[in-house]
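Remarks on the overall topology
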Amino acid sequence: MAVEGALLQRYGAATRAEVMRYLAAGSPSPFLDEMLAEYPSRGGKMLRPAICLANAALFGNEAPSAAVRAAAAIEMLHNALLIHDDVQDGSELRRGKPTLHALHGVPLAINAGDALLFAAFGPLIDAVSPLGSHVIRQVMDVTAMMARQTAEGQALELGWRDRNVLDLAEADYMRMALKKTAWMGMIWPAQLGLIIGSRGRLDPEMVLRFGYFLGLAFQIEDDLRNLSEDPGYGKEQNGDLAEAKRTLMLIHVRGACNTDERARLDWFLGLRREERGEADVLWLARLMHERGSIEHGRRVAAAMAGAAEHEFAAVYGALPPSEERTFIGSLVRWVFDRA
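Structure report, in brief. (Residues numbered from 1 in each chain as written. Predicted model: local features only at pLDDT ≥ 70, side-chain atom pairs only at ≥ 80, totals over all residues. Heavy atoms only, no water.)

**A look at helix H13 (residues 259-269)**
Residue pairs three or four apart in sequence face the same way in an α-helix, which turns once every 3.6 residues. Condition: Any residue under 20% of the maximum accessible area for its type is buried, any over 50% is exposed, and the rest in between are partly exposed; the area is computed with a 1.4 Å probe on protein chains only. Counting from the N terminus, the helices are the DSSP runs of H or I reaching at least four residues and the strands are the DSSP runs of E reaching at least two. The directions from the helix axis to the C-beta atoms form the arc being described. Any two residues having at least one pair of non-hydrogen atoms within 4.5 Å are treated as being in contact. What qualifies as a polar contact is a pair of N or O atoms within 3.5 Å, subject to a donor-acceptor requirement within protein and to the restriction that residues adjacent in sequence count only when both atoms come from side chains.
Within H13, burial applies to Glu261, Leu265, Asp266, Phe268 and Leu269. Seen from one end, H13 has its buried residues packed into an arc of 155°, which puts them on one side. Every exposed residue of H13 that faces more than 90 degrees away from the buried side is listed here: Thr259 and Asp260. Elements in contact with the buried residues of H13: helix H11 (239-242), helix H12 (248-256) and helix H14 (278-290). A side-chain oxygen of the first residue of H13 lies 3.1 Å from the backbone nitrogen of Asp260; this N-cap is Asn258.

Right, dumping it as structure tokens:
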């Protein structure tokens, strides 16, 4: 196993144990406890907690137990948002199994997502309380910023679809992906780790650009995998097309197709999800291949990865060699090689 794989596995196991400890701490509750543990128990890559823990180690590691609690908070919040995202998107699969609302219905799923979101503040408060008011303020500031950015990104994605916004540029997609994916997925975990590891002595803005470019590469690659036949992807193939998500490839193909194809595409995007048939979804998937949209997405993802490597060198390059630095540096390649 590679160094980065071993570290991801070790950090993932520590985070998962902490998550389950917090979830088991309350009094038993029917119609809730089973659902709170459902997504965390399915595994997941534990990327976000590992980013937090690695940054804490790299920038001082002065409070290792606090960093593990912060990692648990990140994972709990991430799973809460997944529950809500699956409802909002009408998704059918999550990590290779039926989504929570498919198993238990929308009302109970939303309630579980709400509960898990608020439960995440338990380990986060426990993490920062012993570290002093300066650290507490920094952590609350970056958390509030992440929450706002994530909500704005989700609002853009949902609003474009629900209002059938057609005239979008690639810059619009980049802005949405920064807010929806990069902030919660890469920037915030790195900032939490840096703040806790250094006890607030370092500026959390220093990891922002690395997380931004890494997050963009991750989101574009994720969108590309949704169009592939990758059996390890964990969600339904072409689900983004059926949901009419405004991905980079969709924006590109609309600009690259002819008048008749654009008219059919715009008609398709204007339908409700249940009205979009499989034949039309497959037609759009083929059109993306024919008009070079898939290859375009790969080129842009590679460019974002190159920018992330540049930012990695600027932020982490002068640090002493370590397992954690190797792990952070490997994330750029991992975006494309992940199982």
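**Concerning helix H16 (residues 323-337)**
For clarity, the threshold we go by: Note that the bend at a residue is defined as the angle between axes fitted to the seven residues ending at it and the seven residues starting at it.
At Leu331, H16 shows its maximal bend, which comes to roughly 50°. Listed as buried for H16 are Glu324, Phe327, Ile328, Ser330, Leu331, Val332, Trp334 and Val335.

**A word on the side chain of Thr143**
Tracing the sequence through the fold places Thr143 in helix H8 (residues 133-162). With residues near it in sequence (within four places) discarded, Thr143 still touches Leu124, Trp188 and Leu192.

**Details of the pattern of salt bridges**
What counts here: Between Lys or Arg on one side and Asp or Glu on the other, a salt bridge is scored when a side-chain nitrogen of the former is within 4 Å of a carboxyl oxygen of the latter.
Applying the stated criterion across every chain yields a total of 25 salt bridges. The partner of Glu38 in a salt bridge is Arg42, and the shortest N-O contact between them spans 2.9 Å. A single salt-bridge network, built from bridges that share partners, covers Asp89, Glu92, Arg161, Asp162, Asp240, Glu243, Lys245 and Arg273.

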